[in-house]
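# Breakdown of the fold
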Amino acid sequence: MTMTNAEMKKVTILDTRSETDFYDSILVHREQLYSIAYSYLRNRNDALEAMQEMTCRAWIKRKTLKDPKAFKSWIIRILIYVCIDEQRRRKRSMPLVDERLGEQITHIGHHRMEMLWALEQVKPKYRHVLLLKYYNDMTLSEIANILSKPEGTVKTWQHKGLKQLRTIIKNRGDWNHE
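Calculation rules
Residues numbered from 1 in each chain as written. Predicted model: local features only at pLDDT ≥ 70, side-chain atom pairs only at ≥ 80, totals over all residues. Heavy atoms only, no water. Core = buried A, V, L, I, M, F, W, Y, C linked by side-chain atoms within 4.5 Å. Buried < 20%, exposed > 50% of the residue type's maximum accessible area, 1.4 Å probe, protein only. Helix = DSSP H or I, 4+ residues; strand = E, 2+ residues; numbered from the N terminus. Contact = heavy atoms within 4.5 Å. Phe/Tyr/Trp six-rings, centres within 6.5 Å; stacked < 30°, edge-to-face > 60°. Arc of directions from axis to C-beta. Axes fitted to C-alpha atoms, helices over the stretch in contact; angles between N-to-C directions. Parallel < 35°, antiparallel > 145°, perpendicular 65-115°, else oblique. Left-handed = near helix turned anticlockwise from the far one by under 90°. Nonpolar A, V, L, I, M, F, W, Y, C, P; charged D, E, K, R; others polar. Salt bridge = Lys/Arg side-chain N within 4 Å of Asp/Glu carboxyl O.

### Remarks on the nonpolar core
Formed by 42 residues in total, the largest nonpolar core has its most connected members in Leu79 and Ile80. Mapped by element, the contributors of at least two residues to this core are helix H2 (19–27), helix H3 (30–41), helix H4 (44–60), helix H5 (71–92), helix H7 (110–121), helix H8 (124–135), helix H9 (140–147) and helix H10 (151–170). Top contributing element to this core by residue count: H5, with 10 residues. Discounting chain neighbours no more than four positions away, the residues touching Leu79 are Leu33, Ile36, Ala37, Ala50, Met51 and Met54.

### Observations regarding the packing of aromatic side chains
Scanning all chains against the criterion turns up four aromatic pairs. Between Phe22 and Trp59 the ring centres are 5.2 Å apart and the planes differ by 70°, which places this aromatic pair in the edge-to-face class. Placement of the pair is Phe22 in helix H2 and Trp59 in helix H4, with a sequence separation of 37 residues. Classification of Trp59 by relative accessible area gives partly exposed; the value is 24%. Here the aromatic rings of Phe22 and Phe71 are separated by 5.9 Å at their centres, their planes lie at 85°, and the arrangement is edge-to-face. With a gap of 49 residues between them, Phe22 in helix H2 and Phe71 in helix H5 connect regions that are remote in the sequence. Like Phe71, Phe22 is buried.

### Topic: H9
Every buried residue belonging to H9 is among Leu140, Ile143, Ala144, Ile146 and Leu147, and all of these are buried. Seen end-on, H9 carries its buried residues on one side only, within an arc spanning 165°. Tucked into the core, H9 has its buried residues touching H5, H8 and H10. Directly after H9, the chain includes Ser148, whose backbone phi takes a positive value near 55°.

### Quick look at the packing of H3 against H5
Two elements in contact, H3 and H5, have axes whose closest approach is 10 Å; the angle formed by their N-to-C orientations is 25°. Taken as axis vectors, H3 and H5 run roughly parallel relative to one another. In this structure, H3 crosses over H5, and the sense of that crossing is right-handed. Contact with H3, carried on its side by Gln32, Leu33, Ile36, Ala37, Tyr40 and Leu41, involves Lys72, Ile75, Ile76, Leu79, Ile80, Cys83, Glu86, Gln87 and Arg90 of H5 and no other residues of that element. Per-class residue counts for the contact of H3 with H5 are 10 nonpolar, two polar and three charged.

### What to know about the pattern of salt bridges
The full count for this structure, using the stated rule, is seven salt bridges. Put simply, Glu120 and Arg42 hold a salt bridge, and the shortest N to O gap is 3.3 Å. Separated by 78 residues along the polypeptide, Glu120 in helix H7 and Arg42 in the loop between H3 and H4 bring together distant segments of the chain. For Glu120, a relative accessible area of 27% corresponds to the partly exposed category. Arg88 serves as the salt-bridge partner of Asp85, at 3.8 Å between the closest nitrogen and oxygen. Note that Asp85 and Arg88 are positioned in helix H5 at a spacing of three residues, about one turn of the helix. Judged by relative accessible area, which is 32%, Asp85 ranks as partly exposed. Among the charged side chains, a network of salt bridges with common partners joins Asp46, Glu86, Arg89 and Arg90.

Structure representation (structure tokens):
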């Protein structure tokens, strides 16, 4: 990932461990972080809460960051783990009908809902690659860096994820009837 001079300056400031500087460094990436959280959680409030939790976890673990240049990848990786935790929590609890369906129906079209449903059926490691690549416009090298995997592995996961997605969609024959 290429960082701008402004981003490098912010990351360099992290060495001072100032809470304000740390928070400002996260704010530089807030739009992309929100986009990633929303692509996982598909709910504005949950995405914002995930960003807040990520900020808290990152602050607590800030001394574990070995290379300040990897700050962006590091906070994205933390955010993904926060989103996965939230998805697991959701599976254990029953959402209120108004809470989940209300937002999805008003903000997501029929075909998009079907695609999101199909994406949920894809194996998690493949789903992460597909979400980051197609919903967040990240390159495969950026994804490899975030997931701490070789780029070849990420390419394989992308290929397998797309293959699974095609199979799921193909087996869902009633989608074509409107």
